[in-house]
Amino acid sequence: MEREIIVLSFTKTGTEQNAKICEILQREGIPCAGCAVGKYACGNIRPLSAPVTEFVGEEWGSRDLLFIGAAGIAVRAIAPWVKDKFTDPAVLVMDEKCRYIIPILSGHVGGAAAWADRIAAMTGAEAVHTTATDVQGKFAVDVFAERNRLLITDRTAAKEISAAILNEEKIAFCCTVPECEVIGALPEELVWCNSRQEAEQYRWRIIVKEGTDEADRRKNNGFLILKPRNIIAGIGCRKGISEEKLETGLKSVLAEHGFDIRQIECFASIDLKKEEPAILALARKYRVPFITYSADELRKAGEVSAGSSFVESVTGVDNVCERAALRCLKGKGCLQDEQKTCFGESILAGNRRRGETCCEEGKLIQEKCIRDSMTAALVRRSLRLKFGEL
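Residues numbered from 1 in each chain as written. Predicted model: local features only at pLDDT ≥ 70, side-chain atom pairs only at ≥ 80, totals over all residues. Heavy atoms only, no water.

J.: I'd like a description of unusual backbone geometry, backed by residues and values.
T.: Even without glycine at this site, Arg 149 takes up a positive phi of about 55 degrees. Assignment of secondary structure puts Arg 149 in the loop between helix H6 (141-147) and strand S8 (150-152). Of note, the phi angle at Arg 287 is positive, near 55 degrees, even though the residue is not glycine. On the secondary structure map, Arg 287 appears in the loop between helix H11 (277-286) and strand S16 (290-293). On the basis of relative accessibility, which here comes to 29%, the residue Arg 287 falls in the partly exposed class. (Helix = DSSP H or I, 4+ residues; strand = E, 2+ residues; numbered from the N terminus. Buried < 20%, exposed > 50% of the residue type's maximum accessible area, 1.4 Å probe, protein only.)

J.: Account for the sheet that holds strand S11 (residues 190-192), with residues named and values stated.
T.: Strand order in the open sheet formed by 5 strands is S8-S13-S12-S9-S11, and the pairing between neighbours is mixed. Edge positions in the open sheet fall to S8 and S11, since each of these has one partner strand only. Neighbour-to-neighbour, the strand axes of this sheet turn through a mean angle of 30 degrees, independent of strand direction. Pairing geometry for S8 and strand S13 (residues 223-228), over 3 bridges, is antiparallel. Pairing of Leu 151 across the sheet is with Lys 227, part of S13. (Pairing = 2+ DSSP bridges. Axes fitted to C-alpha atoms, helices over the stretch in contact; angles between N-to-C directions.)

J.: Give a description of the pairing of strand S5 (residues 91-94) that names residues and reports values.
T.: Side-chain alternation along S5 places Val 91 and Val 93 on one buried face and Leu 92 and Met 94 on a second face that is also buried. The sheet contact formed by strand S4 (residues 64-68) and S5 spans 4 bridges and is parallel. Counterpart to Leu 66 in the pairing with S5 is Leu 92. In this structure, S5 lies alongside strand S6 (residues 100-105), joined through 4 bridges in antiparallel fashion. What sits directly across from Met 94, in S6, is Ile 101. Where S5 folds back on S6, the antiparallel hairpin that results is connected by 5 residues, among which Cys 98 adopts a positive phi of roughly 55 degrees.

J.: Provide a residue-level description of the sheet that holds strand S3 (residues 45-47), including the pertinent values.
T.: The sheet built from 7 strands is open, its strands ordered S3-S2-S1-S4-S5-S6-S7 with mixed pairing. Two strands lie at the open edges of the sheet, namely S3 and strand S7 (126-127), each paired on one side alone. Bridge count for strand S1 (residues 5-9) against S4 is 5 bridges, and the pairing is parallel. Within S4, the residue paired with Ile 6 across the bridge is Leu 65. Sheet strands in contact with helix H1 (residues 12-27) are S1, strand S2 (32-36), S3, S4 and S5, and its direction is about 160 degrees off that of S1. Contacting S1, S4, S5, S6 and S7, helix H4 (residues 112-123) runs over the sheet at an angle of about 170 degrees to S6. (Contact = heavy atoms within 4.5 Å.)

J.: Tell me about the pattern of salt bridges, residues and numbers included.
T.: Counting across every chain of the model gives 22 salt bridges. Among the salt bridges present, the one from Glu 23 reaches Arg 27, with a minimum N-O distance of 3.7 Å. Taken as a pair, Glu 23 and Arg 27 lie in helix H1 at a separation of 4 residues, close to a single helical turn. When its relative accessible area of 57% is taken as the criterion, Arg 27 is described as exposed. One salt bridge connects Lys 300 with Glu 297, and the closest N-O pair in it is separated by 2.9 Å. (Salt bridge = Lys/Arg side-chain N within 4 Å of Asp/Glu carboxyl O.)

J.: How would you explain the packing of aromatic side chains if you had to name every residue and give the values?
T.: Here the structure, examined in full by the defined rule, presents 6 aromatic pairs. Between Phe 173 and Trp 192, the aromatic rings sit 5.7 Å apart at their centres with planes inclined by 35 degrees, giving tilted as the arrangement. Pair noted here: Phe 173 is in strand S9 (residues 171-175) and Trp 192 is in strand S11, with a separation of 19 residues, a long-range link. Ring centres of Phe 173 and Phe 387 lie 5.4 Å apart, and the angle between their planes is 75 degrees; on these two criteria the pair is classed as edge-to-face. Here Phe 387 lies in the segment after strand S19 (384-386) and Phe 173 lies in strand S9, a separation of 214 residues in the sequence. An aromatic cluster is defined as three or more aromatic residues linked by ring pairs; in this entry it consists of Phe 139, Phe 144, Phe 173, Trp 192 and Phe 387. Here the basic side chain of Arg 196 rests over the ring of Phe 223, its NZ or CZ set 4.6 Å away from the ring centre. (Phe/Tyr/Trp six-rings, centres within 6.5 Å; stacked < 30°, edge-to-face > 60°. Lys NZ or Arg CZ within 6 Å of the ring centre and 35° of its normal.)

In structure tokens form, the structure reads like this:
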């Protein structure tokens, strides 16, 4: 997902480059903000609102960071806030002449490596990559998972698999998701296996699967399970429901299918709920879009499993959650109709630029079900696994 990037500069020359880079990014439709130390800030480059380390801490995790200047400045500024590569934002450094751009933190999962290549292409700079799998041109499981919207269930196993790949080991790869479409050639580091049992002959195995079963609950030495983040959760709820009650109810629905709440790709509801605090809070917490539709649009979803005359009298439609989930699945329309997103308006803006949709073909896997003060329905988007630069 594409987040806003903050460009930071500390000298007159650096700030001149800051303004040029922000102009280029904005021209490409990329959300960005330029900031500089007070005496150099001017025009669209705002002054830092606090000392650089404190400023970085305030923004940590919500926006990506590009420092123009010495790498040491960036390292000292981010040092108190660094946690791990799965939660840290992308951090990059660029010299004042814009000759080189280096991803220094969260290169894969956070997207710093991709940012470096993208900004280099726009500015004529050279992207300098130092991550071992990038340097050696090896398969990186964290990059693969991020590009294919897969949830990494075991971070330690992911790191050990990367180490095994660098040591020239072959890694078994298996997908048990029904009707999964595979696009591109399998990397030479991986060996395709048709079943989990077939993969057992290898020391390390990657398996893409849905849900959780008893075998997953046991310790799986050598197995890394990747779960698709392809669940659309349609939600209806009483006004003012608490975040805790909404999350508890949703988790109980997901648990019946063995799903993790982190597998949700987006929340969908009626536009009457576009400012519902509990849904907005969950969307922020799990960093997914919240999309809403008018009653007219929801009626276009077709037949649903159940309807309520009371709900229809209040909302104008007989079933909110199921219709919202199904409407979102239709794809192209969901980016054109009235909607609101929480955590990242830029997610949908980025999809529009690439000609993509936020949801693709799939099917309803959970009809409308009722929990305390809420209803939920689940749609599973069809899975496509892409290998290589496709």
